Every structure is written in C-alpha cells, then in structure tokens.
Amino acid sequence: MQSQSLLPISNPSSPPSPSCAITTTTDTMLLTSEPHIISSPSSSTILFVQDDDHDDNVSKIEKKPLLSRAFSYTSSSSSSLSSSSSSVKQQQQQQQRRRRVGSENSLLSGAVGSCRRDMGRAANDTYVVTRLSFKLLRYLGVGYRWIVRFLALGCYAVLLIPGFIQVGYYYFYSSQVHRGVVYGDQPRNRLDLYLPKNMNGPKPVVAFVTGGAWIIGYKAWGSLLGQQLSERDIIVACIDYRNFPQGTISDMVKDASQGISFICNKIAEYGGDPNRIYLMGQSAGAHIAACTLLEQAIKEADAEQRASWSVSQIKAYFGLSGGYNFLKLIDHFHSRGLYRSILLSIMEGEQGLRRYSPEVMAQDPNAKNAVSLLPPIVLFHGTADYSIPCDSSKSFADTLKALGVKAECNLYEGKTHTDLFLQDPMRGGIDDMLDDLITTIHGDNSETIRANSTPRKRLVPEFMLKMARSVSPF
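Throughout this document, residue positions are counted from 1 along each chain, in the order its sequence is written. For this predicted model, a pLDDT threshold of at least 70 governs which residues receive local features, and a threshold of 80 or more governs which side-chain atom pairs are given and counted, while totals over whole chains, interfaces and linings are taken from all residues. The basis for every side-chain value is the complete set of non-hydrogen atoms in the structure, without hydrogens or water.

## Regarding the overall build of the protein chain
Okay, step 1: Helix and strand counts for the protein chain stand at 16 helices and 14 strands.
Okay, step 2: In the protein chain, buried positions account for 44% of the 474 residues.
Okay, step 3: Taking all contacts inside the protein chain whose residues are at least 6 apart in sequence as the whole, residues at least 24 apart take part in 73%.
Okay, step 4: Methods summary: accessible areas were calculated by the Shrake-Rupley approach with a probe of 1.4 Å, and residue burial reflects only the protein chains presented. Carbon and sulfur atoms make up 55% of the accessible area of the protein chain, which amounts to about 24,900 Å² in all. Working definition: helices are DSSP H or I runs of at least four residues, strands are E runs of at least two. Numbering for both runs from the N terminus. Only protein chains enter the area calculation, which uses a 1.4 Å probe; residues under 20% of their type maximum are buried, those over 50% are exposed, and those in between are partly exposed. Residue contacts follow a heavy-atom distance rule, with two residues in contact if any of their heavy atoms lie within 4.5 Å.

Pasting the structure below:
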C-alpha cells in the first residue's frame with residue numbers, strides 16, 4: 001500500500017459553515033466551507049480541510065514541494081555559518097588590535113614610569129643635598145670668606161656647564177649606568193654602577209668613594225670618571241655615603257665599608273671579576289676610603305671580629321688628592337675656610353683627629369699586624385694643589401714604605417686639586433693620571449685596551465677651562 005502523509009488545515013478564527021463543493025486536481029484543490037477529507041487520486045497527500053468562512057467564495061491552496069523548504073534551510077544555514085565565521089574573524093582581529101594597543105600602552109607607561117622614578121630619585125637627592133646645605137650654613141655662619149667661596153663655586157660650575165650637560169645626559173640616559181643600587185639600610189646607602197659596552201667575560205672593578213669636603217659629597221660626582229673607565233673595559237661603582245651634618249666620620253666609614261662589602265659579594269652578578277677589585281677615593285673620599293681599608297685590616301688582625309669582606313679582596317688602593325694626617329692639616333683647612341670647630345665636629349673631637357688619620361693609625365705599634373695586610377697603595381697628587389698640599393700624599397707613602405707596605409706616590413707638575421679629576425678629563429686627548437690608572441689595572445693589556453677605546457673627546461673649550469681653573473675655590 002502506498003504511504004500517505006497527513007496535512008491538517010484549519011482556520012480557528014471562524015465558526016463552521018455549510019458544506020461546499022470540492023474539486024481536486026493533481027496540483028490544485030478547491031475547498032468548500034464544510035469539513036471534508038479529501039484525497040487526490042494522483043497524489044499521495046490527504047488533506048483535512050475545514051473552512052470557517054461564511055462566504056461562498058472558494059479558497060485556492062497551492063501545494064508546494066518539500067524540497068524547496070529543505071533547500072531554503074540549507075541555504076540559510078550556510079549563509080549563517082559564513083556570517084558567524086566572518087564575525088569570529090572580526091572578533092579575533094579586534095582582540096589582536098586590543099592586545100597590540102595594550103602592549104604599546106604598557107611599554108609607554110613602563111617608560112613613563114621609569115622616567116618618573118628616575119626624576120623622583122633625582123628630586124629626592126636634590127632635596128637631601130639642599131636641606132643639608134642649609135643645615136650646614138647654620139654651622140658655618142654667613143661670613144665674608146664663605147660668601148666669596150660660594151660665588152666662586154657658582155662661577156666655576158657655570159664655566160664647566162658644557163661638560164656637565166654632556167656628562168649629565170650620559171648619567172641619566174645611558175643604559176650602561178645603573179643608578180641608585182641599594183647596598184644598605186641608611187638613607188644614602190646607594191651606589192651607581194658604570195658598565196662597559198662589551199661584557200664578554202668578567203671585568204676589573206673600581207669601587208670609588210667621591211669627595212666633597214665631608215660635607216657635599218655625592219655619588220654622581222664620579223660620573224665622568226665612571227664614563228671614561230667604563231669605555232676602557234673597567235666597571236666603576238660610585239659609593240654614596242652620609243655627609244656632615246647628616247653623619248660624622250664614623251658614619252661615613254661605616255657606609256663606605258658596607259658599600260665595599262656589597263661590591264665584593266655581589267659584583268659578579270653585574271659581570272665584575274671578584275678577584276680584581278680596586279678601591280679608589282678622591283679628596284675627602286680618598287681619606288674615607290683609606291680609613292675604611294685600615295679599619296678593616298685592624299678587624300681582620302683581631303681574629304675575634306667577623307667581617308663581611310676582606311682586605312685580601314682588594315687588589316690595590318688608589319688615593320687621588322687625599323689628606324691622610326689631620327694633625328698636620330687642621331690648621332691648613334682652617335685657613336682655607338674649613339674651620340677648626342667644623343672639622344672637629346666632623347671628626348668627632350680631638351681624639352678623632354688621631355683615630356681617623358690613616359698615617360697616624362698606621363704608625364701605631366698595635367696596628368703592626370694590620371698594616372702587613374694592606375694591599376699595594378698608589379697615590380696621585382698635583383703639585384699645585386692648594387686645597388690639600390701634595391706633601392700629604394708624599395708623607396703617607398713614605399710612612400707606609402717604612403712599615404713594609406708596597407706604596408708609591410705619583411706627582412703631576414702644575415696640577416691643581418680639580419685638574420686631575422675634572423679639567424683634564426674634560427680637555428680630552430692625553431690624560432696622564434688616567435693612563436697611569438689604566439696601566440696599573442690592565443697591566444700588559446693596557447696598550448690593547450687604549451687602541452680599541454674611543455678617543456677622548458673635548459667637552460669644554462680651552463678658554464673656559466682656563467677661566468674655571470682661575471676661579472676654582474678648591
């Protein structure tokens with residue numbers, strides 16, 4: 001028997017009506033208003049028809065094949081899939097754009113944040129130095145001598161400003177400079193690291209203590225030396241420390257010792273060679289570094305005292321324009337404006353003058369074993385230095401040699417207190433003191449290092465350097 005499908009047709013909105021005539025063909029059926037069951041002989045479809053119209057008009061219903069519906073469903077499904085696929089692609093592209101924009105924004109915000117942190121540190125350091133300067137003025141008083149010296153210092157700085165700008169740009173923006181590395185828990189326990197461009201293997205290290213008359217010392221003062229030595233394959237670590245009146249000499253020595261300890265124990269993480277560490281200081285920094293070295297040697301000679309670093313880790317000590325016997329220098333400093341009362345406050349009284357004079361300390365019979373532990377001592381001094389006479393370095397070297405320490409003093413004819421440290425490096429070209437320093441550190445490789453290094457360029461015109469030398473308060 002042929003299978004049949006049933007299709008109900010109704011109109012519930014109208015009541016039933018009288019019967020009507022029905023005519024069927026293969027394609028079309030005429031339906032009356034009375035319900036009937038209609039079967040077309042040429043079709044396998046049976047229709048249940050109920051017409052609810054009261055009209056005698058005949059409704060015409062066309063039978064449509066089922067294939068068109070299926071085709072329509074397939075077409076709409078495929079178009080729906082294709083539209084959803086394109087929308088997914090659009091979403092993915094939007095997500096990629098968002099990620100790219102987010103990445104760019106994060107990089108920009110990171111750079112801005114780093115710049116803000118650097119500016120914040122600089123502002124904080126400037127505030128500290130300014131606050132201490134005003135505090136210092138209360139100790140010094142406002143006298144004619146200090147007014148003249150401050151004016152001279154201002155003129156000196158203005159004349160060297162072309163060099164300071166270039167060095168400052170390097171200090172703040174070079175990727176080779178790591179500023180503000182923390183080495184202790186005190187407010188100024190920070191150091192700056194100057195790294196060579198070529199870090200193919202461990203590099204020799206110079207731990208540098210800056211000068212500043214024990215009052216205005218700051219780690220950034222060593223940026224010119226750090227730049228020039230790092231260009232010659234040497235890592236430089238400039239140690240900051242508490243100045244007077246924020247601290248006295250014992251605090252300065254303690255800070256320097258902590259900084260040296262950090263360098264001895266951590267410098268390998270920055271590419272430094274822990275077996276080639278040199279200690280260096282300039283002016284007041286030379287005095288502080290020498291006191292630190294001798295005090296550490298005394299601790300090591302006393303087996304009961306434990307230390308975080310050893311004098312044996314220091315290959316050599318370099319003292320640049322330093323003072324080493326305050327019993328001889330106190331009257332000279334007083335005549336130069338660093339009054340006796342201030343110096344005694346810095347050195348913690350009369351006893352401190354003896355205790356913190358390296359030359360006097362070395363001559364103490366109780367320090368004989370400690371002196372034997374000292375590394376080679378190399379001193380640099382200009383013969384025209386009026387801030388600290390060159391006799392200070394000559395006397396210290398002679399005392400150490402008499403005690404069996406390997407020591408030497410290199411004098412530079414006609415050089416002032418700042419010539420060796422500032423004017424000569426800013427002049428460019430040949431720098432005798434720097435060449436002597438590099439030769440001691442690199443030894444046989446010094447000529448190769450010089451040949452491969454960038455030539456020293458002039459930072460300040462010669463006439464400005466000569467004028468700065470003439471007005472220098474140092």
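## What to know about the packing of helix α13 (residues 419-427) against helix α16 (residues 462-471)
Okay, step 1: Whenever a helix is involved, its axis is fitted only over the stretch in contact; in every case the axis is a line through C-alpha atoms, and angles between N-to-C directions fall within 0 to 180 degrees. For the pair α13 and α16, the least separation of the axes is 10 Å and the interaxial angle reads 165 degrees. Our classification of the angle between α13 and α16 gives roughly antiparallel. Crossing handedness for the pair α13 and α16: right-handed. Every residue of α16 that contacts α13 at D419, Q423, M426 and R427 is listed here: E462, L465 and R469.
Okay, step 2: By the convention adopted, Pro, Cys, Tyr, Trp, Phe, Met, Ile, Leu, Val and Ala count as nonpolar, Lys, Arg, Asp and Glu as charged, and the other residues, Gly among them, as polar. Residue composition of the contact of α13 with α16, by class: two nonpolar, one polar and four charged. Each angle receives one of four descriptions, namely roughly parallel if under 35 degrees, roughly antiparallel if over 145, roughly perpendicular if within 65 to 115, and oblique otherwise. Each crossing gets its hand from how the near helix is turned against the far one by less than a right angle, where anticlockwise is left-handed and clockwise is right-handed.

## Quick notes on the packing of aromatic side chains
Okay, step 1: Stacked, tilted and edge-to-face pairs are distinguished by plane angle, under 30 degrees for stacked and over 60 for edge-to-face with tilted covering the rest, among Phe, Tyr and Trp rings (Trp via its six-membered ring) whose centres lie within 6.5 Å. Taken as a whole and judged by the stated rule, the model has 13 aromatic pairs.
Okay, step 2: When the ring of F208 is compared with that of F421, the centres are 5.9 Å apart and the planes differ by 25 degrees; the resulting orientation is stacked. Of this pair, F208 sits in strand β9 (residues 203-209) while F421 sits in helix α13, and the two are 213 residues apart along the sequence. Like F208, the residue F421 is buried in the burial classification.
Okay, step 3: Grouped by ring-pair contacts, the aromatic residues Y278, F318, F380 and Y412 constitute a single cluster.
Okay, step 4: It is R179 that lies over the ring of Y171; its NZ or CZ is 5.7 Å from the centre. Only lysine NZ and arginine CZ atoms are considered, and such an atom sits over a ring when it is within 6 Å of the ring centre and within 35 degrees of the ring normal.

## Things to note about the pairing of β9
Okay, step 1: Taken across its seven residues, β9 has seven buried, putting it largely inside the fold.
Okay, step 2: A pair of strands is treated as paired once DSSP finds two or more bridges between them. With five bridges joining them, β9 and strand β10 (residues 235-239) adopt parallel strand pairing. Its bridge partner being in β10, F208 is matched across the sheet by C238.

## Thoughts on the pattern of salt bridges
Okay, step 1: Here a salt bridge means any side-chain nitrogen of Lys or Arg lying within 4 Å of a carboxyl oxygen belonging to Asp or Glu. One pass over the full model with this rule turns up 16 salt bridges.
Okay, step 2: Ionic pairing is found between R232 and E231, a salt bridge with its closest N-O pair at 3.4 Å.
Okay, step 3: Exposure remark for R232: the relative accessible area of 4% places this residue in the buried category.
Okay, step 4: Notably, a salt bridge pairs E359 with K328, separated by 3.7 Å at the nearest N-O pair. Of the two residues, E359 is situated in helix α10 (residues 358-363) and K328 in helix α7 (residues 326-335); the sequence distance between them amounts to 31 residues.
Okay, step 5: Via salt bridges that share partners, K415, D424, R427, R458 and E462 belong to a single interconnected network.

## Notes on helix α14 (residues 432-442)
Okay, step 1: Restricting attention to buried positions, one finds in α14 the residues M433, L434, D435, L437, I438, I441 and H442.
Okay, step 2: By the criterion applied in these results, polar contacts are pairs of N or O atoms within 3.5 Å in which, for protein atoms, one can donate a hydrogen and the other can accept it, and in which residues neighboring in sequence qualify only through two side-chain atoms. Where α14 begins, one side-chain oxygen reaches toward the backbone nitrogen of M433, 3.4 Å away; that side chain belongs to D431.
Okay, step 3: One or two positions beyond α14, positive phi appears at G443, with a value near 60 degrees.

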